[in-house]
Amino acid sequence: LKVIEQNQTDMIYNLTAPTGSGKTLLAATWAFRLREIISSLPDMPPKIIIVLPFLSIIDQTIKDYKRLLKTGGYEADGAWLLTSHSLSDRHYAEWLEKEDEPFFVDTWRSELIITTYDQFLMSLMDPKARYQMRFHSLCDALIVMDEVQSLPCKLWQPLESILNSLATTCNSRVLLMSATLPPFVKNAISLLPAYEKYFSQFKRYRFSFRLKKKLNTKEFCEELERRLPVWLKGKKRVLITLNTRKCARIARDALADLIMEEHGLPVYFISADVTPLDRLETIEKIKEGKPCVVVSTQCIEAGVDIDMDLVIRDFAPLDSLVQIAGRCNREGKKERCQVEIIDLADEDENRYSEMIYDPVHLHVTRDLIEDIPEMLEENVLDLSNRYFNQLLDKKDTGKIHLKRFTRWQEDLPVHELLRGKERRQHTFLVIEQDPTLK
């Protein structure tokens with residue numbers, strides 16, 4: 001609060017803090033306090049826009065903000081809280097005529113909008129009218145961009161210039177948040193100036209890097225079978241996060257068969273193959289704190305508030321490894337716990353990590369941890385800074401895309417800049433289970 005009140009004229013802020021330290025509520029404090037300060041002026045109170053990278057964490061964030069609004073005595077209908085993403089409810093409010101709802105939803109006629117990077121960046125950068133009709137909502141706004149480490153390097157330069165222009169020309173304030181903050185938007189004011197001290201105080205987990213030998217899927221499942229009795233006996237809460245849906249399903253099926261025979265721990269499965277409602281219900285069961293085994297894809301690695309005793313993660317770029325480690329001993333109430341990083345391959349010896357991640361990100365990560373068998377949480381910040389600085393030197397940070405944007409030249413679609421050229425995917429929705437999806 002002191003930083004906010006001392007720097008009311010500053011427009012771009014950042015918040016770097018360890019995973020599990022309450023960044024969501026800190027961001028809400030920043031937004032609502034600034035809104036209160038600005039609302040005391042004769043202008044209209046600014047909208048608050050919360051931007052998140054994954055659908056899997058939006059529902060949890062919506063719950064948090066609904067609780068805050070309820071505490072403040074506000075009803076969380078579309079006038080006060082609106083979600084905007086590919087599967088969001090198109091309902092606005094009971095008092096509005098049905099035929100008027102699409103316009104109010106599409107133009108973000110709300111005090112608080114919770115949306116995805118895709119929708120936000122298209123509103124900011126895409127020239128199509130369907131997105132530009134809500135651009136005015138980005139002006140005079142308070143914008144929280146969470147988990148910014150998930151932004152690809154090719155958007156670093158464009159976003160640095162565009163966000164600075166949004167602040168100076170459109171009078172918007174932006175807060176960038178992450179446990180591992182990339183080095184872009186260099187003029188941002190830190191809301192937590194001595195954040196290094198906070199990182200040095202956390203002693204929740206230890207990384208164990210098992211990367212000398214590749215494991216194929218069969219060997220990995222055999223290892224799980226050998227370790228299962230120990231988990232059962234110790235009543236452990238184990239998270240296994242893998243890089244592809246197929247690999248995750250194989251591990252889940254192997255564990256489910258074993259545990260059914262042993263009559264032991266429940267096995268929970270979280271991936272895009274699971275319907276949104278089932279994912280939410282599963283996360284709520286995991287949060288109960290009982291012994292269990294969770295098999296997931298990387299959709300669980302950021303923002304999902306669960307606390308596990310052991311994490312096993314297939315190899316990935318360093319920022320992803322740090323994010324998943326944030327699910328291990330999250331509340332810090334246990335002795336230091338283990339985060340094991342393995343190198344998993346399919347039956348043809350092809351690494352799953354290389355199927356989905358950028359090779360430069362993987363190479364930089366391998367170089368940094370090559371001679372480190374273990375690493376404590378206290379040392380993660382320094383390694384993360386070295387990781388992003390190397391990416392800054394080795395990766396295309398988007399100079400050509402910035403030039404095309406400023407000159408109104410044709411460029412790749414915003415979605416492709418953000419997500420890469422994706423193969424066609426099919427998502428199955430069970431309308432009977434969740435009628436709002438219709």
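Since the model is a prediction, treat every value here as computed from it, not as a measurement. (Residues numbered from 1 in each chain as written. Predicted model: local features only at pLDDT ≥ 70, side-chain atom pairs only at ≥ 80, totals over all residues. Heavy atoms only, no water.)

Peer 1: What is the right way to read helix α15 (residues 380–394) from this model?
Peer 2: One full turn of an α-helix is made of 3.6 residues, so residues set three or four places apart face in the same direction. Given a rise of 1.5 Å per residue, 15 residues ought to cover 21 Å, and the 21 Å separating the end C-alpha atoms of α15 matches this to within 8%. Taken as a whole, α15 has its buried residues at Val-380, Leu-381, Leu-383, Ser-384, Tyr-387, Phe-388 and Leu-391. Taken down its axis, α15 places every buried residue within 160° of arc, on the same side. Buried residues belonging to α15 abut α7 (156–170), α8 (195–201), β8 (205–216), α12 (318–325), α14 (359–369) and β14 (374–376). (Helix = DSSP H or I, 4+ residues; strand = E, 2+ residues; numbered from the N terminus. Expected span 1.5 Å × (residues − 1). Buried < 20%, exposed > 50% of the residue type's maximum accessible area, 1.4 Å probe, protein only. Arc of directions from axis to C-beta. Contact = heavy atoms within 4.5 Å.)

Peer 1: Please clarify how the nonpolar core should be interpreted in this entry.
Peer 2: It is characteristic of soluble globular proteins that their nonpolar side chains tend to be buried jointly. Counting 112 residues, the largest nonpolar core has Leu-121, Leu-124, Met-145, Leu-151, Leu-163 and Phe-207 as the members making the most contacts within it. Considering each element in turn, this core owes the most residues, 7 residues, to α7. Setting aside anything within four residues of it in sequence, one finds Leu-151 in contact with Tyr-117, Leu-121, Met-145, Trp-156, Leu-159, Phe-184 and Leu-418. Listed in part, the 26 residues of the second largest apolar core include Leu-215, Phe-220, Leu-242 and Ala-248. (Core = buried A, V, L, I, M, F, W, Y, C linked by side-chain atoms within 4.5 Å.)

Peer 1: So what exactly am I meant to see when it comes to the sheet that holds strand β1 (residues 12–16) here?
Peer 2: Strand pairing in a sheet relies on backbone hydrogen bonds. The paired strands run either parallel or antiparallel. Strand order in the open sheet formed by 7 strands is β3-β4-β2-β5-β6-β1-β7, with parallel pairing between adjacent strands. If you trace the sheet from one side to the other, it starts and ends with β3 (82–84) and β7 (189–190), each paired once. Strand direction decides the pairing type here: strand β2 (residues 48–52) and strand β5 (residues 142–145), joined by 4 bridges, are parallel. Among the inter-strand pairings, Ile-50 is bridged to a residue of β5, identified as Val-144. Contacts from helix α5 (residues 117–125) reach β2, β3, β4 (112–116) and β5 within the one sheet, and its direction differs from that of β4 by about 100°. (Pairing = 2+ DSSP bridges. Axes fitted to C-alpha atoms, helices over the stretch in contact; angles between N-to-C directions.)

Peer 1: Honestly, the layout of surface pockets in this entry has me stumped. Any pointers?
Peer 2: It is a probe the size of a water molecule, rolled over the atoms, that shows where empty space is left. When its volume is computed, the second largest pocket comes out at roughly 730 Å³. Lining of the second largest pocket is provided by 28 residues; of these, Asp-59, Ile-62, Lys-66, Thr-83 and Asp-89 occupy positions nearest its centre. Looking at the lining of the second largest pocket, the elements that each hand over two or more residues are α3 (58–71), β3 and α11 (276–286). Residues belonging to the lining of the second largest pocket are distributed by class as follows: 14 nonpolar, 7 polar and 7 charged. (1 Å grid on protein atoms, 1.4 Å probe; cavity = no way out; pocket = protein on both sides within 12 Å on 5 of 7 lines; lining within 4 Å. Points joined across faces, edges and corners; volume = space filled by probe spheres on them. Nonpolar A, V, L, I, M, F, W, Y, C, P; charged D, E, K, R; others polar.)

Peer 1: Could you clarify how one ought to interpret the packing of helix α2 (residues 23–39) against α3 in this entry?
Peer 2: When two helices pack together, their arrangement is given by the angle between the helix axes and by the axis-to-axis distance. Orientation of α2 relative to α3, taken along the N-to-C sense of each, is 45°, at an axis distance of 11 Å. Taken as axis vectors, α2 and α3 run oblique relative to one another. Pair α2 / α3 crosses with right-handed handedness. Seen from α2, the contacting residues are Thr-24, Leu-25, Ala-27, Ala-28 and Phe-32; seen from α3, they are Asp-64, Tyr-65, Leu-68 and Leu-69. Along the lines of polarity and charge, the residues of the contact of α2 with α3 split into 7 nonpolar, 1 polar and 1 charged. (Parallel < 35°, antiparallel > 145°, perpendicular 65-115°, else oblique. Left-handed = near helix turned anticlockwise from the far one by under 90°.)

Peer 1: Mind showing me how you'd approach the packing of aromatic side chains here?
Peer 2: Each pair of aromatic rings is reported with the distance of its centres and the angle of its planes. Inspection of the entire model under this criterion finds 12 aromatic pairs. Their ring planes at 70° and their centres at 5.6 Å tell us that Tyr-13 and Trp-30 sit as a pair that is edge-to-face. Placement of Tyr-13 in strand β1 and of Trp-30 in helix α2 is noted, with a sequence separation of 17 residues between them. The two residues Tyr-13 and Trp-30 agree in class, both being buried. Seen from their ring centres, Phe-207 and Phe-209 are 5.4 Å apart, and the 10° between their planes marks the pair as stacked. Just as Phe-207 is buried, Phe-209 falls in that class too. Grouping aromatic residues by their ring pairs yields a cluster made of Tyr-92, Trp-95, Phe-103 and Phe-104. The aromatic ring of Phe-104 is capped on one face by Arg-109, whose charged end is 4.7 Å from the ring centroid. For Arg-366, the ring lying beneath its charged end belongs to Phe-315, and the centroid distance is 4.2 Å. (Phe/Tyr/Trp six-rings, centres within 6.5 Å; stacked < 30°, edge-to-face > 60°. Lys NZ or Arg CZ within 6 Å of the ring centre and 35° of its normal.)

Peer 1: For this particular structure, what's the right way to read the pairing of strand β10 (residues 267–270)?
Peer 2: Taking every second residue as pointing to the same face, both faces of β10 are buried, with Val-267 and Phe-269 on one and Tyr-268 and Ile-270 on the other. The sheet contact formed by β10 and strand β11 (residues 292–296) spans 4 bridges and is parallel. Residue Tyr-268 lies in a different strand from β11, and its bridge partner there is Val-294. For the crossover that starts at β10, traverses α11 and ends in the parallel β11, the hand is right-handed. (Right-handed = clockwise from strand over helix to strand, strands pointing away.)

Peer 1: I keep staring at the side chain of Thr-61 and nothing clicks. Help me out?
Peer 2: Of note, Thr-61 is situated in helix α3. Of the residues examined, Thr-61 reaches a relative accessible area of 8% and is grouped as buried. Ignoring anything within four residues of it in the chain, the contact list for Thr-61 reads Ile-50, Leu-52 and Ile-114.

Peer 1: How should I be thinking about α2 in this particular structure?
Peer 2: Compared with the 24 Å implied by 1.5 Å per residue over 17 residues, the 24 Å span of α2 between its first and last C-alpha is a close match. Among the residues making up α2, those that are buried are Lys-23, Ala-27, Ala-28, Trp-30, Ala-31, Leu-34, Arg-35, Ile-37 and Ile-38.

Peer 1: Is there a simple way to explain unusual backbone geometry in this structure?
Peer 2: A negative phi holds for most residues other than glycine; trans holds for most peptide bonds. One non-glycine residue with positive phi stands out, namely Asn-329, at about 50°. Structurally, Asn-329 can be placed in the loop between α12 and β13 (337–345). Even without being a glycine, Trp-408 presents a positive backbone phi close to 55°. Note on Trp-408: relative accessible area 75%, which makes it exposed.

Peer 1: Can you help me understand the sheet that holds β13 in this one?
Peer 2: Strand order in the open sheet formed by 7 strands is β10-β11-β9-β12-β13-β8-β14, with mixed pairing between adjacent strands. The strands lining the two open edges of the sheet, one partner per strand, are β10 and β14. Adjacent strand axes in the sheet meet at a mean angle of 20° when their direction is disregarded. In the sheet, strand β12 (residues 310–314) pairs with β13 via 5 bridges, with the strands oriented parallel. The partner of Val-311 across the bridge, within β13, is Val-339.

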